[in-house]
Amino acid sequence: MTAVAGDARPARPGPSLLAARILRMEIRHSAFVWSIPLLAVLFIYDPFRTASGYPDLWTVRASVVLNKFWPDCVPFTAAFSAWAGSREGRRKVGDLLGTTARPAWTRQMFSLLGTLAWVLAVFLAGIVVIYVRTAQVATWGGPPIWPVVVGLVALTGVSSFAFTLGALFPGRFTAPIVAVGLTVLALVAFRQSVDASGGPIGTLSPDSLVPPNDAGVFYPMAPDVWIVQVMFYAGVVLAATGLLGLSPRTGGVGWRRALDAASAGGMRLRAIATTVFAVGIALAVTGFGLAGTARTSVTGEIEIPALHDSASDKPIAYTPVCAHVSGSFQVCLHPAYKNYLSQAVNSFRPVMAELAGLPGAPVRATEVASLTLPAFVLQDNVGDGEVTGTPPVYKFGMNNALALAPDATQLQDGFRQDIVHAVIVGSTGQLTASVGTPAQQAVVDGLLKAAGSQPYPVCGPGDNPNANRCRRQQVPVTAAAGRFAALPAATRRAWLAANLAALKAGRITLAQVP
Amino acid sequence: MSAADSAAVASSAGVNGAHRLAPSAAGPARLAGARLTSLHLRSRRVPSALVALAACGVVLWAALRYHWWLGTGPSAAELPMLIEGCTAGIIAVTTHSPFGEPERATGRWLPFLRLSMALALCGAAIGLLALGAAAAYNPHAGVYLASGILGIAENVMGFAGVGLIFSVVTGGLTAWAGPLGFTAICQFALIANYSEPLTWAARPATDRGGWIAAMVVFAIGLAAFTIRGPRLRPSGE
């Protein structure tokens, strides 16, 4: 043992070392750690599994960060933050701690940071897992950063707000009530966000609808809404922490004395708390106000006029990936959908083998932004695109073609139905007014059956009187379609070459279909 | 320890109120029993719990009246389930005793008081939520609770059972974590259309398997809490 001189003073740790030590203690004692196993189970079964089922696209898969993982974290974040915040009041040690060298605000900040460290670490770990998995399958683009930033700031907001509520109203009921209260609030905001007239509350909800699968592919994602959300939740963080420093119930000095420069001691701290609170309120109010001005942009996204950069409305340059289907017919996709090229080729091949060279048959298929397709394609889900131009080209989008849950049948049937209808009946646009004569329907369904696809859903889904009556009327059409499909391919093609013009003009009756 | 708390210990111990607890006459004994029950409930913050449960009923009423929920399918059950989880969390934290170990040496009435309190609070929670739903009931406007009172009863009792089990394992003050976590699991099961009996809240209120699972959990929780009481921690929490 080394002898120590009598007048030697023990070395005092520096302020940063002391802060790190306190923070480490708070992190070690945070109760949030007990919720991590449950959150891990929820993460695997909810966000991770959902993202793994989504198409191999960065924007769609990253949407689970805010749509699934964020709401999973909210109740636990709120509960354990409120629990940590109510600690001193619950244990009735306010008087005891009133004599400590550091102000109550500093002490509470470390307690908040201790919980927040776990919350953010868990959230980031989940994001890393989702992004690494997506990076293994995505063929274009990169990890979106804004959902991560919004998620982190919004969770910090939830944590700070819940902590402050816990500190202001300490008690055994605080944690569960705050947790459920904030979760209900998040759920109501989500309901507003999916509602067409959502208003500012809906715009500020991080949890919203899954974006269309070509979002961020042809046009950049406008960050307007994300900026407003970050602004609002950062305001909540600052306002909540400022309130902690001001409220006498949490060891602060009270509202009146906060503004009293002449009061004794801690003036700098009060000034900081007041400033933080004021800046927070200003940010939150500004964010809320800006959210109220949200509108739909020309690219179909939500934009905030005051923040919108018109550069984000310009299309992103790309080199399509193409493959030959049969003869000179080729299909081209955006490189983000490269993984679906072989499925697309297999979808077009049988139908183009039947129709290639006939009048009105497309010479190639090209993917375009869904936004550039006619409104009826997007609104009525009548198809994936339309055959247009001279020579005819099948222009399609992947929004309707590619389901959120993997469904190869949907991809192949949609393309085939579009092309067969366009050649036999007319463009998809005409289908909204008429699905064609019975003879046209029989030939369309016969060709689709020969190609291995489902017939065009003329009667619509469901078990209702109108649909059932329609299905009864379709019986002779279905029989004729079966006969036509059973013909040899060469016979079908020869009949079509000879009769297509008359069939398209509606001069062929059902009985005349071979 | 407040005066009420001290009185509760003293009364239940029969230290300074022995003459009141003495079964010499039926009247004073009934009075003593009522006082003991009253002090027990006050020491567990039951009046505050009733206020909080009433607030849950008001929130349910507002959620129904102002269409806070989303859709008419399973999503419509999300908000009521959250509120039912909250009531279970409130019931769970009332199990905390401020007296700790000494109270357990005070006589044979404590388990009965625990049992009565848990049952009474469950009944109050079901009643107050049903009252909230009934106040908002307007079928012509499409305003009604899809699961009905059966769903409320099943979820409140089942979630409370989880909370009571947690109170035995973790202690009363942190027992809210059980109903909260279990509600989160049921919410996920509801959205993902999982239909295991153990996630009964995601199944229809008339489902027999769900009821059996909920009642088994409630019975286990109630029995464990009645016999053992909440876990006592050295910190007092």
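Residues numbered from 1 in each chain as written. Chains lettered and ligands numbered in written order. Predicted model: local features only at pLDDT ≥ 70, side-chain atom pairs only at ≥ 80, totals over all residues.

*Asks:* Could you clarify how one ought to interpret the overall build of chain A in this entry?
*Replies:* Helix and strand counts for chain A stand at 20 helices and seven strands. Taking 2.2 N^0.38 as the reference for a compact globule, 514 residues should give roughly 24 Å; the C-alpha atoms of chain A span a radius of gyration of 31 Å, well beyond that estimate. Oriented by its inertia axes, the alpha-carbon framework of chain A measures out at about 110 × 55 × 40 Å. Scored against the burial criterion, the 514 residues of chain A give a buried share of 47%. Counting contacts in chain A only where the partners sit at least 6 residues apart, residues at least 24 apart contribute 73% of the total. (Helix = DSSP H or I, 4+ residues; strand = E, 2+ residues; numbered from the N terminus. Rg over C-alpha atoms; globule rule 2.2 N^0.38 Å. Buried ≥ 20, exposed ≤ 12 C-beta atoms within 10 Å, placed from the backbone. Contact = placed C-beta atoms within 7 Å.)

*Asks:* Which parts of the structure should I look at to understand the overall build of chain B?
*Replies:* Check the secondary structure of chain B and you find nine helices and zero strands. Going from the N terminus to the C terminus, chain B shows its helices and strands as α-α-α-α-α-α-α-α-α. Here chain B holds 237 residues, and 46% of them are scored as buried. Sequence separation of 24 or more characterises 77% of the internal contacts of chain B that already satisfy a separation of 6 or more.

*Asks:* I tried to follow the packing of helix α4 (residues 46–65) of chain B against helix α6 (residues 110–136) of chain B on my own but got confused; where do I start?
*Replies:* Two quantities define a packed helix pair, namely the angle between the helix axes and the distance between the axes. All names here are of chain B. Relative to each other, α4 and α6 sit at 25°, their axes nearing to 8 Å. As judged from the angle between their axes, α4 and α6 are roughly parallel. Judged by the sense of rotation from one axis to the other, the crossing of α4 with α6 is right-handed. Packed against α4, whose contacting residues are V46, A49, L50, L53, A54, C56, G57, V58, L60, W61, L64 and R65, the element α6 presents M117, L121, A124, A125, L128, L129, L131, G132, A133, A135 and A136 at the interface. (Axes fitted to C-alpha atoms, helices over the stretch in contact; angles between N-to-C directions. Parallel < 35°, antiparallel > 145°, perpendicular 65-115°, else oblique. Left-handed = near helix turned anticlockwise from the far one by under 90°.)

*Asks:* Is there a simple way to explain the interface of chain A and chain B in this structure?
*Replies:* The figure often quoted for interface size is the accessible area lost as the parts come together. Listed as interface residues are 22 residues of chain A and, on the opposing side, 24 residues of chain B. Of all elements in the fold, only α2 (36–53), α3 (58–85) and α8 (174–194) of chain A reach the threshold of two or more residues within the side of chain A that touches chain B. A class-by-class count of the residues in the side of chain A that touches chain B yields 16 nonpolar, two polar and four charged. (Nonpolar A, V, L, I, M, F, W, Y, C, P; charged D, E, K, R; others polar.)

*Asks:* Got a minute to help me understand the nonpolar core in this structure?
*Replies:* Generally speaking, a soluble globular protein has its nonpolar side chains buried in company with each other. Membership of the largest hydrophobic core comes to 196 residues, with the highest contact counts inside it found for A79, A82, V178 and F348 of chain A together with L129, V156 and A160 of chain B. With 17 residues, α3 of chain A is the single largest residue contributor to this core. Setting aside residues no more than four positions away along its own chain, V156 of chain B makes contact with E84, T87, A88, C122, A125, I126 and L129 of chain B. (Core = buried A, V, L, I, M, F, W, Y, C linked by C-beta atoms within 7 Å.)

*Asks:* Explain the sheet that holds strand β5 (residues 364–367) of chain A to me, please; I cannot follow it from the model alone.
*Replies:* The strands making up a sheet associate through hydrogen bonds between their backbones, and the pairing can be parallel or antiparallel. Residues and elements named next belong to chain A. Strand order in the open sheet formed by five strands is β3-β4-β5-β7-β6, and the pairing between neighbours is mixed. Of all the strands in the sheet, the pair left with one neighbour each is β3 (321–326) and β6 (385–388). Ignoring strand direction, the axes of neighbouring strands in this sheet form an average angle of 20°. Relative to strand β4 (residues 329–333), β3 runs antiparallel, the two sharing five bridges. When the sheet's bridge partners are listed, C322 is paired in β4 with C332. Sheet contacts for helix α13 (residues 341–355): β3, β4 and β5; angle to β3, the most-contacted strand, approximately 30°. Where helix α15 (residues 408–424) meets the sheet, it contacts β6 and β7 (393–396), and its direction lies at approximately 140° from that of β7. (Pairing = 2+ DSSP bridges.)

*Asks:* Help me understand the confidence of the model for chain B, please; the structure alone is not making it clear to me.
*Replies:* Interpretation of the predicted coordinates at a detailed level should be avoided for regions scoring low in pLDDT. For chain B, per-residue confidence averages 85 on the pLDDT scale, and 85% of positions sit at 70 or higher. Here the predicted complex carries an ipTM of 0.85, next to a pTM of 0.87. (pLDDT = per-residue confidence, 0-100.)

*Asks:* Mind showing me how you'd approach helix α20 (residues 489–504) of chain A here?
*Replies:* It helps to recall that an α-helix has 3.6 residues per turn; residues three or four apart then point in one direction. All names here are of chain A. Helix geometry: α20 is bent most strongly at A498, by close to 55°. The buried fraction of α20 is low, at one of 16 residues. Downstream of α20 by a residue or two, G506 has a phi angle that is positive, lying close to 85°. (Bend = angle between axes of the 7 residues up to and from the residue.)

*Asks:* What is the right way to look at the environment of P248 of chain A in this model?
*Replies:* Secondary-structure assignment places P248 of chain A in the loop between α10 (224–246) and α11 (255–258). Overall, P248 of chain A belongs to the partly exposed group, with 13 C-beta atoms counted inside 10 Å.

*Asks:* Even after reading the chapter, I still don't get the packing of α3 of chain A against α8 of chain A, so can you show me in this structure?
*Replies:* Residues and elements named next belong to chain A. Direction vectors running N to C along α3 and α8 enclose 150°, while the axes themselves pass 8 Å from each other. Here α8 runs roughly antiparallel to α3, going by the angle between their axes. In terms of crossing hand, the pair formed by α3 and α8 is right-handed. From α3, P71, V74, P75, A78, A79, A82 and W83 reach across to α8, where they touch T174, A175, P176, V178, A179, L182, T183 and A186.

*Asks:* How should I be thinking about unusual backbone geometry in this particular structure?
*Replies:* Of all residues except glycine, most have a negative phi; of all peptide bonds, most are trans. Look at the link from T390 of chain A to P391 of chain A: it is a cis peptide, with omega at -5°. Tracing the backbone through its elements, the reader meets P391 of chain A in the loop between β6 and β7. Phi at R45 of chain B is positive, roughly 60°, even though this residue is not glycine. Positionally, R45 of chain B belongs in the loop between α3 (26–43) and α4. The exposure class of R45 of chain B is partly exposed, given the 19 C-beta atoms found within 10 Å. In this structure, H67 of chain B takes a positive phi of about 55° despite not being glycine.

*Asks:* What is the right way to look at the domain arrangement of chain A in this model?
*Replies:* All names here are of chain A. You can read the domains of chain A as domain 1 (17–313) and domain 2 (321–512). Relative placement of domain 1 and domain 2: their C-alpha centres are 48 Å apart. Taken residue by residue, the interface counts 18 residues in domain 1 and 15 residues in domain 2. Residue composition of the side of domain 1 that touches domain 2, by class: ten nonpolar, six polar and two charged. (Domains from an automatic or database assignment.)

*Asks:* What is the right way to read α4 of chain B from this model?
*Replies:* Residues and elements named next belong to chain B. With 20 residues, α4 should cover 28 Å at 1.5 Å per step; its first-to-last C-alpha distance of 28 Å lies within 8% of that length. Of all the positions in α4, only V46, A49, A52, L53, C56, G57, V59, L60, W61, A63 and L64 are classed as buried. Just downstream of α4, H67 is the residue with a positive phi angle, here 55°. (Expected span 1.5 Å × (residues − 1).)

*Asks:* What exactly am I supposed to notice about the environment of G14 of chain A here?
*Replies:* All names here are of chain A. Here G14 is to be found in the segment before α1 (15–29). When the 9 C-beta atoms within 10 Å are taken as the criterion, G14 is described as exposed. Separated by 379 residues in the primary sequence, G14 and V393 have C-alpha atoms spaced 72 Å apart.

*Asks:* Help me understand the pairing of β4 of chain A, please; the structure alone is not making it clear to me.
*Replies:* The side chains of a regular strand alternate, residue by residue, between the two faces of the sheet. Residue and element names in this part refer to chain A. The alternating pattern of β4 places F329, V331 and L333 on a buried face, while none of Q330 and C332, on the opposite face, is buried. Judged from the three bridges that link them, β4 and β5 form a sheet pairing that is parallel. From the neighbouring strand, C332 faces β5, where its bridge partner is T366. One crossover worth recording links β4 to the parallel β5 by way of α13, and it is left-handed. (Right-handed = clockwise from strand over helix to strand, strands pointing away.)

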